[in-house]
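Here are the chains, one letter per residue:
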Amino acid sequence: MFPTQLKISLKISIVVLLSSFLAGKDINDTKLQVDLIYTICGFIAADLVSQKLQKQINQIDQKVGKKIAGDIVGPCVMLLTKALLARNPINKKYLFKILCVVIGFTCYNVFIADKLNNSKIDDDVKEMISNVFKPSVMLMVSGYLENGENPFKSQVIRNALFTANGFMANTLVVKATGI
């Protein structure tokens, strides 16, 4: 396995297992573990496709290329790969879900990312803030668009923060171990 794919596997495992544990789910549940494997495979496929595509897009604009490959192509490939592995139907409802996720990431990029990147905050702190806000904004926006869930409802915020905690834990593990 390539180092990047190993990092992806570690990251997704930490995020999914910690956020599931915080949400009160049984992390020994076979269904959760199989879903984790499909999710890891989806993220690895997304990374491989995004890297290839990003090199081509970067010829036009590096900043735009990273966002297109990472926040549009990446989630699309990840969610489609996961659905194919799980043998879930890829229908209008599922494609709409993917669109909602992409819109969620776009909202983060439009309203938060540039302001955060241009701030005079330490780079490590910026990374941690991004690790909290990026998945939180995506989950809140996509949940609202997909299901009409109030993004400020305590359950929605709680689930977004559980996921953000998983990303924060991954960041701390990576910083502490040098992976």
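Participant: Tell me what's going on with the packing of helix α5 (residues 123-147) against helix α6 (residues 154-177), and back it up with residues and numbers.
Facilitator: Here α5 crosses α6 at 150°, and the two axes come no closer than 8 Å. By the angle between their directions, the pair α5 and α6 is classed as roughly antiparallel. In this structure, α5 crosses over α6, and the sense of that crossing is right-handed. Contacts between α5 and α6 involve Asp124, Glu127, Met128, Asn131, Val132, Pro135, Ser136, Leu139 and Met140 on the former and, on the latter, Val156, Ile157, Asn159, Ala160, Leu161, Thr163, Ala164, Phe167, Met168, Thr171 and Lys175. Tallied by class, the residues present in the contact of α5 with α6 amount to 12 nonpolar, 5 polar and 3 charged.

Participant: An account of the packing of helix α4 (residues 92-118) against α5 is requested, with residue identities and associated values reported.
Facilitator: With their axes 8 Å apart at the nearest point, α4 and α5 run at an angle of 145° to one another. α5 is crossed by α4, and the crossing has right-handed handedness. Of the residues in α5, those in contact with Phe96, Lys97, Cys100, Val101, Ile103, Gly104, Phe105, Cys107, Tyr108, Ile112, Leu116 and Asn117 of α4 are Lys126, Ile129, Ser130, Phe133, Lys134, Val137, Met138, Val141, Ser142, Leu145 and Glu146. Each residue belonging to the contact of α4 with α5 can be placed in one class, and the counts come to 15 nonpolar, 4 polar and 4 charged.

Participant: Can you lay out α5 for me, pointing to particular residues and giving the numbers?
Facilitator: Structurally, the α-helix is built with 3.6 residues per turn, so residues lying three or four positions apart point the same way. Its 25 residues give α5 an end-to-end C-alpha distance of 35 Å, which sits within 8% of 36 Å, the value for a rise of 1.5 Å per residue. Within the sequence span of α5, burial applies to Lys126, Ser130, Asn131, Pro135, Ser136, Val137, Met138, Met140, Ser142 and Gly143. Elements in contact with the buried residues of α5: α4 and α6. The opening residue of α5, the one whose side-chain oxygen lies 3.2 Å from the backbone nitrogen of Asp124, is Asp122. Gly148 sits one or two positions beyond α5 and adopts a positive phi of about 75°.

Participant: Requested: an account of the domain arrangement of the protein chain, with residues and values cited.
Facilitator: We note that the domain assignment places domain 1 (1-88) and domain 2 (90-178) within the protein chain. Between domain 1 and domain 2, the C-alpha centre-to-centre distance is 14 Å. Listed as interface residues are 19 residues of domain 1 and, on the opposing side, 19 residues of domain 2. Roughly 1,800 Å² of surface becomes buried between domain 1 and domain 2 when both sides are summed, with 72% attributable to carbon and sulfur atoms. Counting the surface domain 1 buries against domain 2, the share from its top three residues, Val15, Asp71 and Leu79, is 28%. For the pair domain 1 and domain 2, the number of links is 0 salt bridges. Sorting the residues of the side of domain 1 that touches domain 2 by element identifies α1 (3-22) and α3 (62-86) as the ones contributing at least two each. Among the elements that line the side of domain 1 that touches domain 2, the one with the most residues is α3, at 10 residues. A class-by-class count of the residues in the side of domain 1 that touches domain 2 yields 13 nonpolar, 2 polar and 4 charged.

Participant: So what's going on with α4? Which residues, and what values?
Facilitator: Along its 27 residues, α4 runs 38 Å from first to last C-alpha, staying within 8% of the 39 Å computed at 1.5 Å per residue. Along α4, the largest kink reaches about 45° and is centred on Ile112. Every buried residue belonging to α4 is among Tyr94, Ile98, Cys100, Val101, Val102, Gly104, Phe105, Tyr108, Asn109, Ala113 and Leu116, and all of these are buried. Sitting at the amino-terminal end of α4 is Asn91, which places a side-chain oxygen 3.2 Å from the backbone nitrogen of Lys93.

Cut-offs and rules
Residues numbered from 1 in each chain as written. Predicted model: local features only at pLDDT ≥ 70, side-chain atom pairs only at ≥ 80, totals over all residues. Heavy atoms only, no water. Axes fitted to C-alpha atoms, helices over the stretch in contact; angles between N-to-C directions. Helix = DSSP H or I, 4+ residues; strand = E, 2+ residues; numbered from the N terminus. Parallel < 35°, antiparallel > 145°, perpendicular 65-115°, else oblique. Left-handed = near helix turned anticlockwise from the far one by under 90°. Contact = heavy atoms within 4.5 Å. Nonpolar A, V, L, I, M, F, W, Y, C, P; charged D, E, K, R; others polar. Expected span 1.5 Å × (residues − 1). Buried < 20%, exposed > 50% of the residue type's maximum accessible area, 1.4 Å probe, protein only. Polar contact = N/O pair within 3.5 Å; in protein donor to acceptor, adjacent residues only side chain to side chain. Domains from an automatic or database assignment. Buried area = accessible area lost by both parts, 1.4 Å probe. Salt bridge = Lys/Arg side-chain N within 4 Å of Asp/Glu carboxyl O. Bend = angle between axes of the 7 residues up to and from the residue.

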